[in-house]
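Notes for the structure review
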Amino acid sequence: MNIFRNLIGKVWQDPNATEVVKISTGQLHLVRPENVRSSRECIYNDAMATIRRVPSVEHNFQLVITRVYEEGDQELLEDEEETDEERVFLISEELEFRTGQTEGEPTLLWRDLQGDVDEFYEFVASGTNAPTKAFFETCMYRAMYERKYKKSADNVRDDDLAEFMWRPPATNGKKGKAAAKKVSAKDGTRSAQSPASPSSGALDSSLEVIIDEKAELFLWDRDEGFFVREAAVSAKIVQRKGANFSFFLTATSQEGQVLAHRITSQMMQRWSPATWSLTWNNVNEGGNQSSWCLRFESHESFEDFRAEFTKRAWEGLNLTSWDKVKGDERAYVLNANVEDVEMAVETDEDEEEAVLDELGDEDEDEEEEEEGTGQPAGPKEGRNSQLTVGYKGDRSYVVRGDKIGVFRHKPDEVEYVASIANITDMKGKKFDPKNVMLHQQDSKMVVMNAGAPNSLFHLDLERAKIVEEWKIHDDITVDHVAPNTKFSQTTHEQTLVGASHNALFRIDPRMSGNKLVDSQYKQYASKNKFSGVTTTASGKLAVASEKGDVRLYDTVGKIAKTALMPLGDPIIGIDVSADGRWIVATTKTYLLLVDVLIGQGKYAGSLGFDRSFPADAKPIPKRLQLRPEHVAYMNHNISLTPARFNVGEGQEENAIVTSTGQYIIAWDFAKVKKGQMDKYEIKKYEDLVVQDSFRFGDDKEIIVALQNNVLSVNKKSLRKPTRTSLAPGRRNTRSHSGIVNAPY
């Protein structure tokens, strides 16, 4: 596959190219080996196959088969209510993609996830030469690699792609039914692979039912702005026999199975004890979001279903039996998944705000245009990847490839000043900064280099060049850094806190030789997969991990005073309030907010940084996440950036800011502390948001780094999430046949 590397570099690395590769001629067939009457059905006699990027969802691609019309044919279909013009498949390992030959013509084959296990699609690429077929195949494997590992395939080796090459099973297993009834391909909406039973409603003998409760099923209507009742159903959690830790939520009406959704964190489930309801999201193969709600008949059935769902979700994330969880840890997990949020019903206030938003769209667009133009956006090569906001000066810095753009803060805007170009190590070798952090009153910048994982680099901002390499240790990498205290960047403090995947240590650049302070070093024998570290105003430390746990330390070099057990989702970022009471940890789809004030026992009134919590009184984290119906309007997979409190000496935290895709999101922290977990506001941009952060000492001005621009936005310009503010211009998007997986 190395022969394609230059060609891939041209088509794959261009983020603005929607289509990656295309085969222009072919035919699409649906093959059913066990169907005697019709084992091979022609879907499109003339078609083309394309690998397409999923808009606004990084590292996701679609295989798109589009019908090709001869001249004059399409006009004949214009009056038809619905036409089958395109079939869309999310590229993943589950497709079991491979290539072959039919009557001497090259073919592309992949599983029909809505059919029996032996049913598959076949695209006959008539007239396509072998190199073109091989190039298309390589791009399919690269797309699978990016989706699985959530990172670019630019530097992937051929050996790394071998795992995605389909191999026939050694033995034939039992045949099972696929998820759902086929729906209109025009909408490109299909449910994910799932263990659906036949439309008669008969239970698949390969399924084990864990719980079965009566409920009403609702679907969010995007146009009307409220949940619409679909049917009275039997809500179940099921598992395939022999398939460990793989669970599905199903709903069956009198006419048959309505839906079957795999239980994952991407569901973004919310539980409301007040209405005995569960709301969640589902993403189909076309990448489209739909929002669902189950309302149970009694509080008892609601609690039973919630408990079983939470257990199975935890097992699926941790790949460990719930029976192995200790009693106090069970309570921690179960209580962390309760959100007392009622089902949304559009009110007059919502309608009024939506109208105001719509009337304000023109002014808002003009304001954004002014923010985004009139000033250079920085270096033109590459894309922005990281933002750091100054503490002492009026500057923000944005990493873009091997350059760092410098921006000056002005009233209600930022102005491009200059670029620090050609970042090089001490041997003159260029590199792209992996992570950066301002240091010593913004006179220095600490830079990480992926090519030198055991070192940090000192970038002198006045001289605009790297002047020192700080070797940490020969055998210990530095994966994360944090200031000595929350506000030490406003001082001349020289020491730092560093973390590797399993160690926490102090860094002192003044030391000769290695900069790691041996007396302030704590290493764990196991691989803890530390993913972030943050400090309080007094220098206490909170450390998060990819396993989902959080450890609290009173100082570097000692064991943790408190260890908060993982819910299972990897933590990608962590922040702490200046006084150390509140911690916000970011996962891909939600935030965890933890109050670490000890409320009872011998050490009541102390913080978890200083004393351990009583075994029966550990803090219960609260989940901050977007409402499923809002995500349905946004219509993209949520992938949050590390959340941050507003920060300033002597200033109380009153907001939490993060972003996903084209949206920046700010929670009202004062309301959140009162239990109003869904009090957030949103602003949408045309470009993807890379990172956002409050300006130091300011709880209103947010600095936003887009992929190709840097802006300043006042928090007042964020809007309450409504159909208008989340999806301006979206109209008539609801298609019952395209969203509801129902046999009726």
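Residues numbered from 1 in each chain as written. Predicted model: local features only at pLDDT ≥ 70, side-chain atom pairs only at ≥ 80, totals over all residues. Heavy atoms only, no water.

Some words on the overall build of the protein chain
Operational definition: Strands are runs of DSSP state E lasting at least 2 residues, helices are runs of H or I lasting at least 4, and numbering of each runs from the N terminus. Only protein chains enter the accessibility calculation, which uses a 1.4 Å probe; a residue whose area is less than 20% of its type maximum is buried, one above 50% is exposed, and one in between is partly exposed. Whether two residues touch is decided by their heavy atoms; if any such pair falls within 4.5 Å, the residues are in contact. Here the Shrake-Rupley method, with its probe set to 1.4 Å, supplies the accessible areas, and only the displayed protein chains count as covering residues.
For the protein chain, the helix and strand inventory stands at 11 helices and 41 strands. Looking at the 744 residues of the protein chain, the share that counts as buried comes to 55%. Counting contacts in the protein chain only where the partners sit at least 6 residues apart, residues at least 24 apart contribute 57% of the total. Counting every atom, the protein chain has about 32,700 Å² of accessible surface; 44% of that belongs to carbon and sulfur.

What to know about the sheet that holds strand S1 (residues 19-31)
Applicable threshold: Strand pairing is assigned whenever DSSP detects at least two bridges linking the two strands. In this description, a line fitted to the C-alpha atoms serves as the axis of each element, helices being fitted only across the stretch in contact, and the angle between N-to-C directions of two axes falls anywhere from 0 to 180 degrees.
The antiparallel open sheet is built from seven strands, whose spatial order is S4-S3-S2-S1-S7-S6-S5. Looking along the sheet, the strands with just one partner apiece sit at the ends: strand S4 (86-90) and strand S5 (98-102). Neighbour-to-neighbour, the strand axes of this sheet turn through a mean angle of 35°, independent of strand direction. Alignment of S1 against strand S7 (residues 120-124), held across five bridges, turns out to be antiparallel. Directly across from valine 31, in S7, lies its bridge partner phenylalanine 120.

Some remarks on the pattern of salt bridges
Quick note on the threshold: Salt bridge, as used here: a side-chain nitrogen of Lys or Arg that lies within 4 Å of a carboxyl oxygen of Asp or Glu.
Using the criterion set out here, one finds 29 salt bridges in the structure. The partner of aspartate 394 in a salt bridge is arginine 395, with the nearest N and O atoms 2.5 Å apart. For aspartate 394, a relative accessible area of 29% corresponds to the partly exposed category. The shortest N-O distance in the salt bridge between arginine 408 and glutamate 415 comes to 2.7 Å. Residues joined in a network through salt bridges with shared partners are Glu308, Lys311, Arg312 and Glu315.

What to know about the side chain of asparagine 637
Counted only if it meets this: We define a polar contact as two N or O atoms separated by no more than 3.5 Å, with the added condition that, inside protein, one atom must be a possible hydrogen donor and the other a possible acceptor, whereas residues neighbouring each other in sequence contribute only through side-chain atom pairs.
With respect to the helices and strands, the residue asparagine 637 is situated in the loop between helix H8 (628-634) and strand S35 (644-645). A distance of 3.4 Å separates a polar atom in the side chain of asparagine 637 from a polar atom in the side chain of glutamine 289.

Here we look at the confidence of the model for the protein chain
Interpreting fine coordinate detail is not advised for predicted regions of low pLDDT. Applied cut-off: Confidence scores labelled pLDDT are given residue by residue by the predictor and lie between 0 and 100.
Here the protein chain shows a mean pLDDT of 81. Residues at 70 or above account for 82%. Under a pLDDT of 50 for its full length, residues 171-193 has, in the predicted model, 87 contacts with residues more than four places off or in other chains. Throughout residues 730-744 the model reports pLDDT below 50, and contacts reaching past four residues in sequence, or to other chains, amount to 55 contacts.

Things to note about helix H3 (residues 130-149)
As a reminder, the rule being used: Each helix should span, by expectation, one fewer than its residue count multiplied by 1.5 Å.
Compared with an ideal rise of 1.5 Å per residue, which puts 20 residues at 28 Å, H3 spans 29 Å between its outermost C-alpha atoms and is within 8% of the ideal. One or two steps after H3, the chain reaches lysine 150, where phi turns positive at roughly 55°.

Describing the packing of aromatic side chains
Ring pairs (aromatic) are described by centroid distance and by the angle formed between their planes. Note the cut-off: Two rings from Phe, Tyr or Trp (for Trp, the six-membered ring) form a pair when their centres sit within 6.5 Å of each other. Planes less than 30 degrees apart are called stacked, planes more than 60 degrees apart edge-to-face, and all others tilted.
If you walk through the whole model with that rule in mind, you get 22 aromatic pairs. Aromatic pair tryptophan 271 and phenylalanine 309: ring centres 5.3 Å apart, planes at 75°, arrangement edge-to-face. Placement of tryptophan 271 in strand S12 (residues 270-272) and of phenylalanine 309 in helix H5 (residues 299-318) is noted, with a sequence separation of 38 residues between them. With a centroid separation of 5.3 Å and an interplanar angle of 55°, the aromatic rings of tryptophan 667 and tyrosine 680 are classed as tilted. Of this pair, tryptophan 667 sits in strand S37 (residues 663-668) while tyrosine 680 is found in strand S38 (residues 680-684), placing the two residues 13 residues apart along the sequence.

With respect to unusual backbone geometry
Backbone geometry places phenylalanine 245, a non-glycine residue, at a positive phi of 60°. By the element assignment, phenylalanine 245 lies in the loop between strand S9 (226-240) and strand S10 (247-253).

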